[in-house]
Amino acid sequence: MKCKICGEKAIIHLRQHNLALCRKHFIEWFEKHTEKTIKKFDMFRRGEPIAIGISGGKDSTAVALALKRLGYDVRGIFIDLGIPVYSEYSRNLVTNFSSKFGIPIEIYNLKEHYGESLPELAARRRDKICSMCGTIKRYILNKWALEIGAAALVTGHNLDDEAATLLSNTLRWDASYLAKQNPVLPPTHPKFVKKVKPFAFFTEREIAVYAIVMGIEFSKMSCPFSKGAKSLRYKHVLNELEVQSPGTKLRFYREFLKFQKDYLKVQIEEPKLRKCKICGMPTTLEVCSFCRIFGLDRKED
Ligand code: SF4
Ligand SMILES: [Zn+2]
Ligand SMILES: [Zn+2]
């Protein structure tokens, strides 16, 4: 197959766009569309610090590199959760990525800051490890993004993630989630940083190809605590549809966003937020869930 632009050997065929491209023109296409999404949704501007949580996987590393190449001021953070083998493996990849591409990445060690690693917390508490991990990562990422004065917190969510979430929300007719699902999540409090997804219209495959052709060494190891999320089933169903009818995922998500803008008017009651009495961050309770996980309220007494 030949590149539609220059006639050289194509490295990828984008069936949903009916487009075959060589390495050079694929990189150009990919970065041009990243920029288009950033502009269309007014995500952030050049000169503003942009925060990215970098896990070592293909999505977060690829988005950091694409934004840096587009001239944005990218700042990364890697949260070392202290998961045996997995955290160390990911940390090494992230440090190599940082020096290879000149992207500043802070290494944030959970145990050094709060005295316990994620597995130690899991052994002490009854909560599900992934829900604790989610709370911890969200809290640290937001707090750090706030401290560096970031205009936005970028996540590497892709079209496969967005379409699977949309399918799940639709099957439950969850109006409040449907009303909120968007490539931009505006902050609901001055201490929350806006979240944005510049890769929301790229498939996992497109991102993986970009990461490979750019020479990113990304993690292929799964966290030992991951148990095959329900979203994988939705992704599988959507992939089957995509094979039969290329462009299904993109149409499903893109047309939904138009529908949401024009017709989906749901009155969402945002929960009343107050200041956590320990850390001062916004929360619905007296002590936020992050401080409760680490027992910081008890240490106070
Ligand atoms: S799978 Fe691992 S990294 Fe992911 S949320 Fe669970 S504990 Fe955290
Ligand atoms: Zn070409
Ligand atoms: Zn708190």
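Since the model is a prediction, treat every value here as computed from it, not as a measurement.

Go over the overall build of the protein chain, please, and point to the residues and values.
Counting its regular elements, the protein chain contains 13 helices and ten strands. Computed over the C-alpha atoms, the radius of gyration of the protein chain is 20 Å, within 12% of the 19 Å expected from 2.2 N^0.38 for a compact globule of 301 residues. The principal-axis extent of the C-alpha atoms belonging to the protein chain is close to 70 × 45 × 40 Å. For the protein chain, the proportion of its 301 residues judged to be buried stands at 31%. Residue pairs in contact within the protein chain that sit at least 24 positions apart in sequence constitute 67% of those at least 6 positions apart.

Can you break down the domain arrangement of the protein chain residue by residue, with the values?
Looking at the assigned domains, one finds that the protein chain contains domain 1 (33-268) and domain 2 (271-301). Centre-to-centre, using C-alpha coordinates, domain 1 lies 25 Å away from domain 2. Here the side of domain 1 that touches domain 2 gets five residues from one element, more than from any other, and that element is helix α6 (residues 129-147). Tallied by class, the residues present in the side of domain 1 that touches domain 2 amount to six nonpolar, two polar and four charged.

Report on the sheet that holds strand β5 (residues 105-109), specifying residues and quantitative values.
Strand order in this open sheet of six strands is β5-β4-β3-β6-β8-β7, and the pairing throughout is mixed. The two strands at the open ends of the sheet, each matched to only one other strand, are β5 and β7 (184-185). Pairing of strand β3 (residues 49-53) with strand β6 (residues 152-154), which is carried by three bridges, proceeds in the parallel orientation. Across the sheet, Ala51 pairs through a bridge with Leu153, a residue of β6. The strands touched by helix α2 (residues 58-69) are β3, β4 (73-80) and β6; relative to β3, the strand with the most contacts, the crossing angle is about 165°.

Could you give an account of the nonpolar core, with specific residues and numbers?
The biggest cluster of nonpolar side chains holds 67 residues, and the ones touching the most others in it are Ile50, Ala152 and Val154. In terms of residues, this core owes the most to one element, α2, which gives six residues. Discounting residues that sit within four places of it in the chain, Val154 has contacts with Ile50, Ala51, Ile52, Val63, Leu67, Val196 and Pro198.

Conventions and cut-offs
Residues numbered from 1 in each chain as written. Chains lettered and ligands numbered in written order. Predicted model: local features only at pLDDT ≥ 70, side-chain atom pairs only at ≥ 80, totals over all residues. Helix = DSSP H or I, 4+ residues; strand = E, 2+ residues; numbered from the N terminus. Rg over C-alpha atoms; globule rule 2.2 N^0.38 Å. Buried ≥ 20, exposed ≤ 12 C-beta atoms within 10 Å, placed from the backbone. Contact = placed C-beta atoms within 7 Å. Domains from an automatic or database assignment. Nonpolar A, V, L, I, M, F, W, Y, C, P; charged D, E, K, R; others polar. Pairing = 2+ DSSP bridges. Axes fitted to C-alpha atoms, helices over the stretch in contact; angles between N-to-C directions. Core = buried A, V, L, I, M, F, W, Y, C linked by C-beta atoms within 7 Å.

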